[in-house]
Amino acid sequence: MPRLTPANGSVMLELFQDDALERFVEAHADALVRLFWAILTEDALDWPYAARAFVAALERAVGVAANPQLAELIRRHHLA
C-alpha cells in the first residue's frame, strides 16, 4: 500500500497569509515539489483547496525553477 495517495478536492490544505506562504515555500521548495508531485492529480480542477496557491508560489521560488516535475505541475495549474 502506498504511503501517499492522490489528493482530490475534498482534502483541505492549511492556509497561510501571502508573505508566510512565500517564506514557507521558499524554505521547503524541494520537499513541496516532491510532495505535490506525489499527491496532486493530473486534473488541477480536482486539486485540494489552496493547492494552486502553493504551486503558484513554487513557480516564483528560485531554487526549483529548473525542476521538470514543477514545470509539469505549473502546466497543469495553468490549464485549469
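Refer to the structure above for everything that follows.
Residues numbered from 1 in each chain as written. Predicted model: local features only at pLDDT ≥ 70, side-chain atom pairs only at ≥ 80, totals over all residues. Heavy atoms only, no water.

1. Things to note about unusual backbone geometry
Which entries qualify depends on this criterion: Secondary structure is summarised from DSSP: a helix means a run of H or I of at least four residues, a strand means a run of E of at least two, and numbering begins at the N terminus for each.
Positioned with a positive phi, A50 is a non-glycine residue whose angle comes to about 80°. Checked against the element boundaries, A50 lands in the loop between α2 (29-39) and α3 (51-60).

2. A few points about the side chain of H77
Under the convention used in this document: Only heavy atoms enter the contact rule, under which two residues are in contact if any of them lie within 4.5 Å.
With respect to the helices, strands and loops of the structure, H77 is situated in helix α4 (residues 68-79). Each residue touching H77, except ones within four places of it in the same chain, is listed here: A44, W47, R52, V55 and A56.

3. Some details on the environment of Q69
As for its placement among the helices and strands, Q69 is situated in helix α4. Distance in space between the C-alpha atoms of Q69 and A38 is 10.0 Å, their sequence separation being 31 residues. In contact with Q69, not counting residues within four places along its chain, are V33 and W37.

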